[in-house]
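Each chain, letter by letter, is given below.
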Amino acid sequence: MRISTLLSFLPLLASPAPALSEVLSPTGVGHEVFQEAAKISGRAVAGIGFPGPRHGDPPAMTVFIPGDWRGETVCLETISQDGRYVSEWEYVVDGDWTGGFLDLPARTEYPAYLKDQDAAQLAALIRRSACGQRDGGLSAAAWNIGAASAPDALTVELNSLRSDEVSLVSPNGDEVTCQPVETGYRIAFDFLCSVPTAILTPPVTHLEILRIRGGRVQPVQGFDLNSGDVPARP
Amino acid sequence: MRTDYRKYLGYAVLALGLLVVIAVAVPRERSFLVNARTQGFTLQPQSHLSQVWPFARLALCERRSASSGGVPGPFCDARLFNQVLFDDASVSFASGSTVQVALTDGGDAMVIYVRNDGDIALHIDDKAVGSPATLVIPAPQSSVIGALPLSGRLTVGNIPASGEDQLLEAGEYQIRGRPLLSPNAVTWAEGRLFPGDKVSVVAKDKAIIREAIGHASLRDGAIGVQFLTEPGNSYLKLERLGAEPNYVGVTWIQRSLADPLIIFLSVFLALLVAAIDLFQRIVRPRGD
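Residues numbered from 1 in each chain as written. Chains lettered and ligands numbered in written order. Predicted model: local features only at pLDDT ≥ 70, side-chain atom pairs only at ≥ 80, totals over all residues. Heavy atoms only, no water.

**Student:** Explain the pattern of salt bridges here, please?
**Tutor:** In a structure, side chains of opposite charge can pair up when their charged atoms sit close to one another. Per the counting criterion, the structure on display carries 15 salt bridges over all chains. With a closest N to O distance of 3.3 Å, Asp118(A) and Arg54(A) form a salt bridge. Taken together, the positions of Asp118(A) in the loop between α3 (111-116) and β7 (122-127) and Arg54(A) in the loop between β2 (45-49) and β3 (60-65) put the pair 64 residues apart, joining distant regions of the chain. When its relative accessible area of 38% is taken as the criterion, Asp118(A) is described as partly exposed. Glu164(B) is paired through a salt bridge with Arg213(A); the nearest N and O atoms lie 2.5 Å apart. Here Glu164(B) is found in the loop between β10 (148-156) and β11 (168-177), whereas its partner Arg213(A) is found in strand β14 (residues 204-213) on a different chain. Each member of the pair, Glu164(B) as well as Arg213(A), is classed as buried. Linked by salt bridges that have partners in common, Arg162(A), Arg213(A) and Glu164(B) make up one network. (Salt bridge = Lys/Arg side-chain N within 4 Å of Asp/Glu carboxyl O. Helix = DSSP H or I, 4+ residues; strand = E, 2+ residues; numbered from the N terminus. Buried < 20%, exposed > 50% of the residue type's maximum accessible area, 1.4 Å probe, protein only.)

Structural data, given as structure tokens:
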């Protein structure tokens, strides 16, 4: 009886999982921390996300992997707005990947926590490098957002180090004014920038972060935003 | 006859004791006197006329978009600002604005940055400047600038972080109040401020910053800020890196130790009770 019940589930288990497990294979490197209190976070770009409807089955992660990342090691990073939840998971992109959005099951010991969070409270991004290395370009990743296709804009979550004004400047001189985050504990990020995909220069856009604090321009930092060959929305 | 006088003496002692208790227990309003040496402070002016700051020379830095050209100047960051120079101009701040004042480049310039949620931030003489507004006072000298009056909600210093340069360097505070039935304020408690402290005086609910009156002046390479808050049930809010905010108030013991009336009454009461006891032992020998 028991065995037959078990067997009846077998076809389910054997049925093909969402494409992701074949596209992204975990390397086993990574960690996850959920701490009582966090006071400081040093990362300038906390997350790159995209707008969209809430995912039907949270917690779920949607990432955008450009086609030219095929075969490479990538790191999926998440940090909560209050800085208490931090995770880093390393994957290898399948060699045949052609680029696009991917749904990823949550890899976590805190599913209940992640399930309750909105995309606005969890900053995530995927980095074109092994975890622990900081030199790769960045691409978008978002928690609990339903499947997205070629969004009009990407949302960049920035830690401004207590700046008063923040903007992003594209290589063409387009300037995006970022908006301060008004609610919650602003540890991991305190500014949100909505970057129209129209100002991006695919496959890679170098964006400079301009910060003004107390009337003075702070040292300029930059990052490479990989948008791959995302087709414009028709 | 004898019982009467004992009864009245008892009442007198009780009344004096009650007076001491009242003097101790009645809440007294306190004000905070803060004196600090800092690289920066933040002021929220009470009204647009509460302070007018005259400067012999000042540069207004007007923000332009990163890509457009303009007329940059030596005092404003050429990447983002155009510069407009003023001589002998007076600056006044809009009510509701937040004014950040900082010394930069080792005291070679004073930067005043004013924000007012998209509204007028300040006036230079009669010229209105929108928010956010950036002013640079080149080569500020104490003999030229003198004292800058401050009136409003003040916060001195900032919590240290990478790149933070508006730090408090040193300072001290006093908690002052007027004892019951006394015309003069006395110091109830005092303490030191340490480098990197962020200081403000908040109301009882520990959220609203109290209005204060004071002045700022240049003191070799730093800004001296001295202010006195309006009397009230206030706390000194001390923020330090790595610690929860600390709210410094005053205890009834500290108040009592600085209150001449309470000390006098306590001593007098003790002497009185001792005298009565002695008197009774002498006048009314045992077994009476």
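**Student:** Where do I start with the nonpolar core in this structure?
**Tutor:** Considering soluble globular proteins, one finds that nonpolar side chains tend to be buried as a cluster. Grouped together as the largest cluster of nonpolar side chains are 49 residues, with contacts concentrated most on Phe41(B), Trp53(B), Phe55(B), Met110(B), Ile112(B), Leu122(B) and Ile124(B). Ranked by size, the runner-up nonpolar core spans 26 residues in total, among them Phe50(A), Leu125(A), Val156(A) and Ile209(A). (Core = buried A, V, L, I, M, F, W, Y, C linked by side-chain atoms within 4.5 Å.)

**Student:** I keep staring at the sheet that holds β2(A) and nothing clicks. Help me out?
**Tutor:** Hydrogen bonds along the backbone pair up the strands of a sheet, which may run parallel or antiparallel. All names here are of chain A. In space, the four strands of this open sheet follow the order β2-β9-β13-β12, with antiparallel pairing throughout. Looking at which strands have only one partner, the edges of the open sheet turn out to be β2 and β12 (179-180). Of the pairings in the sheet, the one linking β2 to strand β9 (residues 153-158) comprises four bridges and is antiparallel in character. Opposite Gly47, over in β9, you have Glu157 as the bridge partner. (Pairing = 2+ DSSP bridges.)

**Student:** Please explain the side chain of Asp164(A) as it appears in this structure.
**Tutor:** Mapped onto the elements, Asp164(A) comes out in the loop between β9 and β10 (165-169). The buried charged residue Asp164(A) lacks any salt bridge partner; its closest oppositely charged side chain belongs to Arg115(B), at an N-O distance of 4.2 Å. Dropping the residues within four chain positions of it, Asp164(A) is found in contact with Phe191(A), Ile212(A), Arg213(A), Gly214(A), Gln100(B), Tyr113(B) and Arg115(B). (Lys, Arg positive; Asp, Glu negative; His and termini not counted. Contact = heavy atoms within 4.5 Å.)

**Student:** In this structure, what is going on with the state of the cysteines? I would like to understand it.
**Tutor:** Two cysteines form a disulfide when their sulfur atoms are joined by a covalent bond. All names here are of chain A. With the rule as written, the count across this model stands at three disulfides over all chains. Through a disulfide, Cys178 is tied to Cys193; the S-S separation comes to 2.1 Å. Note on the Cys178 and Cys193 pair: the S-S dihedral is about 100°, so by sign convention the disulfide is right-handed. Of the two residues, Cys178 sits in the loop between β11 (175-177) and β12 while Cys193 sits in strand β13 (residues 191-196), which places them 15 residues apart along the sequence. (Disulfide = S-S within 2.5 Å.)

**Student:** How should I be thinking about the interface of chain A and chain B in this particular structure?
**Tutor:** A common measure of how large an interface is: the accessible area buried when the components associate. Facing 16 residues of chain A, the contacting portion of chain B comprises 26 residues. Of the roughly 1700 Å² buried at the junction of chain A and chain B (both faces included), carbon and sulfur atoms supply 46%. We note a salt bridge from Glu175(A) to Arg63(B), for which the minimum N-O separation is 3.0 Å. Across the chain A-chain B interface, the total number found is eight residue pairs in polar contact (both at pLDDT 80 or more). The set of elements that each furnish at least two residues to the side of chain A that touches chain B consists of β10, β14 and β15 (216-217) of chain A. Across the side of chain A that touches chain B, the residue classes break down as five nonpolar, four polar and seven charged. (Buried area = accessible area lost by both parts, 1.4 Å probe. Polar contact = N/O pair within 3.5 Å; in protein donor to acceptor, adjacent residues only side chain to side chain. Nonpolar A, V, L, I, M, F, W, Y, C, P; charged D, E, K, R; others polar.)

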